[in-house]
Structures are given as structure tokens and as C-alpha cells.
Amino acid sequence: MWRPAVTASRRVLGSLGPAVRWSHSQALVLNSGSSSIKYGVYEVEDKTVRLSCKGIVEGIGRKEGVGAHKHCPVGLAESTEKVMVENHVAGLERIFACLPEETRDAVKVVGHRVVNGGVKFSTPAVIDAEVQAAIEEACSLAPLHNPANLSGIVAAKAVWGSIPHVAVFDTSFHATMPPESYRYAVPKEWHDLHGVRRYGFHGTSYGYVLRTVAEELKTPASNLNAIICHLGSGASMVCIKNGQSIDTTMGLTPLEGLVMGTRSGDIDGGVLRHLTKQLGMSVDEVDSALNKKSGLLGLCGMADMRSVHKAALEGNADAALAEKIFVERVRKYLGAYMLKLNGNLDALVFTAGIGENAPWIREMVCEGLEQFGIKLDPMMNTAPSRPSSRIEAAFSRTKIMVVPTDEELSIALQSVELVRTPEQQPVKEAEPVAPAKVSALHTAHDLMVVGWNEAEEMGLASVIFPQIINGGGRCGYFRVFTDHDEDSQIELMQNEFYLDDTF
């Protein structure tokens, strides 16, 4: 099974038809910000896409005229140079110049992250004049992000003008939300004429993580109910039912929802009137404060959760409160989303910087939720390395997982898949089928109990079933009926367990 923690930069696409010309080709991924361009170059083999190099150009348009270009080929040392970068075109030219000639010539597609595609894009799109105009039109919905994304597109086309460019939208993953989730209770014409509604973001991350979870659990994504917590400097959550987004915490902009590094998250709209009337602040000043001076930074003066946690442990009351407010907001949405799923939650997933690297936050989020079928394994949660992404306790009904995200790889995959001709598309492998339930009594050889619930007389065991599903080591809930030195008569609990955990 593919383990994302080990091979996050490599993804199998499947076998390709004889007409394929993608071997030893490259896909360039660009994430253009207002003053930076992050990039990654991915090598496309017949069956895989893997990271070749990555880097960032920073300080674009600085008045002092000095920026930095960091370039890091896989397996080699990072190089940094001080450069003058007047605009995004100049930044792309620096990237172009640092790539070997054979790499530049091998780039067959450029994938662009675009934060908001509005209601027009539910899937990635090849960027033509019409698509580019639609992205520009959506700038009013994401004024901090879309203009920069658009600048990157224009600049990249000036450098790589003869190959297809693909826009991958953060919002498209959430196009499946029903109206009761995405509509605000505001005048109807705001929605109909001005697009005021929930869009949601972090879609490329959620799509990648969902695919990974489905592979880990050997279950089709269309069968999964999951709540994914993308917890980083920018933070959001998504509620997934049968493999589709049905609700998410971010709204018209990335400001709504969870507490973030510098963003407030949910706040009473009346605060705007209060600050403009009572303090004389302009709308732009309030917007800047809520986006850049609030969140963890506003609560305790620190935007990085690692610094917040360290300060909290040292007795800083503001830091401790900031940590609690952050977790409280996550738990508030977790409860709401569990109700949306009627309690049928297959997986609770943590990803992104805080989600992947802050075990104390995962512990605080899951504390006291045993009666809802969510129980963390303390040792697996804090282990520096794990054999898999699973960190739930033996008797947790819900899988709890830590899955590293890779948005750039996701963009590369989607871009390559979109521009291939039909005969070049990979042969689609059959989706995994949920393992069959095992019934009645079975003779289990080499029974090794790894967990036991005295009250329920039920345990978790590693067993050998030579007569079941081609034999092999399995793990499952059981009750022991007769216990012998070599063999034990056990009953696998049909209503609790699927044979899906191969050792």
C-alpha cells in the first residue's frame, strides 16, 4: 500500500496506452502570491509523477528592489540567491533560467493554483481567453489571492507560451455542497447578482487527502464519510459524505470559520459597524485587522502554534487561552459535522502544519469523545514515526488518521490528467471493494491479543486465518469461546469489524 508519509512526492497514475509521449516529460506547478511564486517541477514517467525540484521566488515588487530565489533540486543542497524581481514576469524568468535546458524543454503542462473559481468551475480547466476572463471576474471574490494567481498565469504564458496551462481551483472541490450549506441568510439578490455565498477553500488539499484516505482504508472514496481538519496558518474543515463535500468552514473568503494564525475566523458582522462608528476605522482597516492582525496573533501576540504552545507551557495565560479557543472552534464544527452525517463517521483526518505536527492539538480535539466513537491511542498519537497514518485506539469506532497533504502534487496530477488525449489517459484501475464481513465461529491459529475490553468481554487480536480470504495475518474484534494452547474458537464481531487491517 502507498504510504504518503514515505512517498508523498510520488504518485502512481496507472499504465498508459501505446500513444503516450509523456515519458521523461515535466509538469510545472506554480502557486503565485502577491509578492512570491512557489513552484515545483514534477517528472512524468509512464506510470508515476514525482517531484524533481521545488523553489520559491520572494520579494517580488519590493521597493528596495531586492528579493530572494531559493531553488532546491531533490537530493541536492538548496541554493539561495539575492535577485531584483520587479514583477511576476521577472520572477518566472528567474525560475526559467535556473532550470536545466533539458528540463525546460521537457515541460509539457503548467498547472496553476487559483484560489477562487466562483460558481463557473467545478473541475480544473485549460486556460484559454474565456477561462482567464472568468478568473479575472472572480477577483472581487478573492481580492487578496486571485489577482496574484492571475499575474502568475499571464507571466507564465509569456515564458511558456506554446504549451497548455491548467487552472486548478481551491473552490471546485466544494461544488457539491447543497444550497442549505452554501447560501447565507441575506437578501436573495446578493446571491443572485453578486455571488455572495459560501465557496470554501483548501480544495486541492482535501482532494489529495481524501484519495489517500480511500487508498489507506482500501475503500472507494465514494463510500467514505469523513471530516478532514486542514489545520495550519490558514485553517479549515470539510464534511464529506459519500466522497463529496457537503459543508466546509470557510465561506465567501478564507476569513470565515476556524481561528487561524492571523485571521479571526467566525465573528459577528456587527463588529464592522462598531469599529467603523465607534473607533473611526475604515472598512479596509477593519478588513486588514481581521485578516492580518487577528487569530492567534491577535489573542496572544504569536501566530505560530509552536510558539503559542511553548508559551502556554511556560505559564503565558494569553497563549493558553488562544490554544483553547483554537481547539474549541474545531470541536464546535466537529460536533456540527457529525450531526450532518447522522453519526456515521468513517474517518476523522488531521492534515497540514498543525494537524500533522501538533499531537497535543489532536489530543485536545478528541478528548472526551469516546461515547461518540472517537478515541485516540495516546502512544500512536505522539509517536515520532508510525507504520501507518492510523492513530485511533483499538476500540474506536471511527478511524483517526494523520495524512500529510501535498497540494502541489495534487495540482500536477490534475493538470497532467486533464491535458492528456483520450488514448493517452491511464487505464483506470478498479476501485477497491470493501472487504466482506466474516461470520460465525472460526478456528484462529496463533492468537495474539493486543487489546481487551473487560466490561464487554471483547478484544482486539492479531490472528492467522488459513481458511479465510486466502489466509494471512489479520486484525479484528473478537470474543473467545474456547481457548487452547494452539487454537482458539473465536467469533469475529460482524457488526463491528471488517477484515481490512492486514499486518
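Report follows, based on the coordinates. A quick note: this is a predicted structure, and the numbers were derived from the prediction, not measured.

**Here we look at the overall build of the protein**
Counting its secondary structure elements, the protein contains 17 helices and 18 strands. Split into buried and exposed, the 503 residues of the protein put 49% on the buried side. In the protein, the proportion of contacts linking residues at least 24 apart, taken out of those at least 6 apart, comes to 63%. Carbon and sulfur atoms form 52% of the exposed surface of the protein, whose accessible area is close to 24100 Å².

**Notes on the packing of aromatic side chains**
How two aromatic rings sit relative to each other is set out by the distance from centre to centre and by the angle between their planes. Counting across every chain of the model gives four aromatic pairs. Note on Phe 121 and Phe 169: the rings are 4.5 Å apart at their centroids and 15 degrees apart in plane angle, and the pair reads as stacked. Here Phe 121, found in the loop between β7 (107-114) and β8 (125-126), pairs with Phe 169, found in strand β9 (residues 165-169); they are 48 residues apart in sequence, far enough to count as distant. For the pair Phe 121 and Phe 169, a shared accessibility class is recorded, and that class is buried. Measuring from ring centre to ring centre gives 6.1 Å for Phe 173 and Tyr 206, while their planes differ by 35 degrees; the resulting arrangement is tilted. Of the two residues, Phe 173 sits in the loop between β9 and α6 (179-182) while Tyr 206 sits in helix α8 (residues 203-217), which places them 33 residues apart along the sequence. Judged by relative accessible area, which is 17%, Phe 173 ranks as buried. The class of Tyr 206 is buried, set by a relative accessible area of 0%.

**Thoughts on unusual backbone geometry**
Its identity is not glycine, yet His 202 carries a phi of approximately 60 degrees, on the positive side. As for its placement among the helices and strands, His 202 is situated in the loop between α7 (188-194) and α8. Judged by relative accessible area, which is 9%, His 202 ranks as buried. Positive phi, close to 55 degrees, is recorded for Lys 218, a residue that is not glycine. By the element assignment, Lys 218 lies in the loop between α8 and β10 (226-230).

**Description of the pattern of salt bridges**
Summed over the entire model, instances satisfying the criterion amount to 12 salt bridges. The shortest N-O distance in the salt bridge between Arg 306 and Asp 304 comes to 2.7 Å. One salt-bridge network, held together by shared partners, links Arg 198, Asp 247, Glu 256 and Lys 340.

**A few points about the pairing of strand β2 (residues 25-32)**
Regular strands place their side chains on alternate faces of the sheet. Of all eight residues in β2, eight are buried; the element is thus mostly enclosed. Here five bridges tie β2 to β7, and the two strands are oriented parallel to one another. Bridging across to β7, Leu 28 finds its partner in Val 110.

**Brief notes about the packing of helix α13 (residues 317-340) against helix α15 (residues 359-366)**
Look at α13 against α15: their axes get within 9 Å of each other, and the N-to-C directions meet at 50 degrees. Overall, the two elements α13 and α15 adopt an arrangement that is oblique. Classified by chirality, the crossing of α15 by α13 is right-handed. Here Glu 323, Phe 326, Val 327, Val 330, Arg 331 and Leu 334 of α13 lie close against α15, whose contacting residues are Trp 360, Ile 361, Met 364, Val 365 and Cys 366. The class makeup of the residues in the contact of α13 with α15 is nine nonpolar, no polar and two charged.

**Some details on the nonpolar core**
By size, the foremost hydrophobic cluster in this structure holds 45 residues, and its most contacted members are Ile 227, Leu 231, Met 237, Phe 326, Leu 348 and Ile 361. Among the secondary structure elements, those contributing two or more residues to this core are β10, β11 (236-241), α11 (295-300), α12 (305-313), α13, β13 (347-351), α15 and β14 (399-402). With nine residues, α13 is the single largest residue contributor to this core. Apart from the residues within four sequence positions on either side, Ile 361 is in contact with Leu 231, Met 305, Glu 323, Phe 326, Val 327 and Ile 354. Core analysis: the next-biggest nonpolar cluster, separate from the first, contains 31 residues, Val 213, Ala 226, Val 403 and Leu 409 among them.

**As for the packing of α12 against α13**
Where α12 contacts α13, the axes come no closer than 7 Å and their chain directions differ by 125 degrees. Here α12 is positioned oblique relative to α13, judged by the angle of their axes. In this structure, α12 crosses over α13, and the sense of that crossing is left-handed. Of α13, the residues touching α12 (which contributes Met 305, Val 308, His 309, Ala 311 and Ala 312) are Ala 319, Ala 320, Ala 322, Glu 323 and Phe 326. The residue inventory of the contact of α12 with α13, partitioned by class, reads eight nonpolar, one polar and one charged.

**Observations concerning the environment of Val 57**
Counting through the fold element by element, Val 57 comes out in strand β4 (residues 48-58). On the accessibility criterion, Val 57 (0% relative accessible area) is buried. Along the backbone, Val 57 and Ile 37 are 20 residues apart, and their C-alpha atoms lie at a distance of 5.2 Å.

Each value, and the rule that gives it
- Residues numbered from 1 in each chain as written.
- Predicted model: local features only at pLDDT ≥ 70, side-chain atom pairs only at ≥ 80, totals over all residues.
- Heavy atoms only, no water.
- Helix = DSSP H or I, 4+ residues; strand = E, 2+ residues; numbered from the N terminus.
- Buried < 20%, exposed > 50% of the residue type's maximum accessible area, 1.4 Å probe, protein only.
- Contact = heavy atoms within 4.5 Å.
- Areas by Shrake-Rupley, 256 points an atom, 1.4 Å probe, with all protein chains shown as cover.
- Phe/Tyr/Trp six-rings, centres within 6.5 Å; stacked < 30°, edge-to-face > 60°.
- Salt bridge = Lys/Arg side-chain N within 4 Å of Asp/Glu carboxyl O.
- Pairing = 2+ DSSP bridges.
- Axes fitted to C-alpha atoms, helices over the stretch in contact; angles between N-to-C directions.
- Parallel < 35°, antiparallel > 145°, perpendicular 65-115°, else oblique.
- Left-handed = near helix turned anticlockwise from the far one by under 90°.
- Nonpolar A, V, L, I, M, F, W, Y, C, P; charged D, E, K, R; others polar.
- Core = buried A, V, L, I, M, F, W, Y, C linked by side-chain atoms within 4.5 Å.

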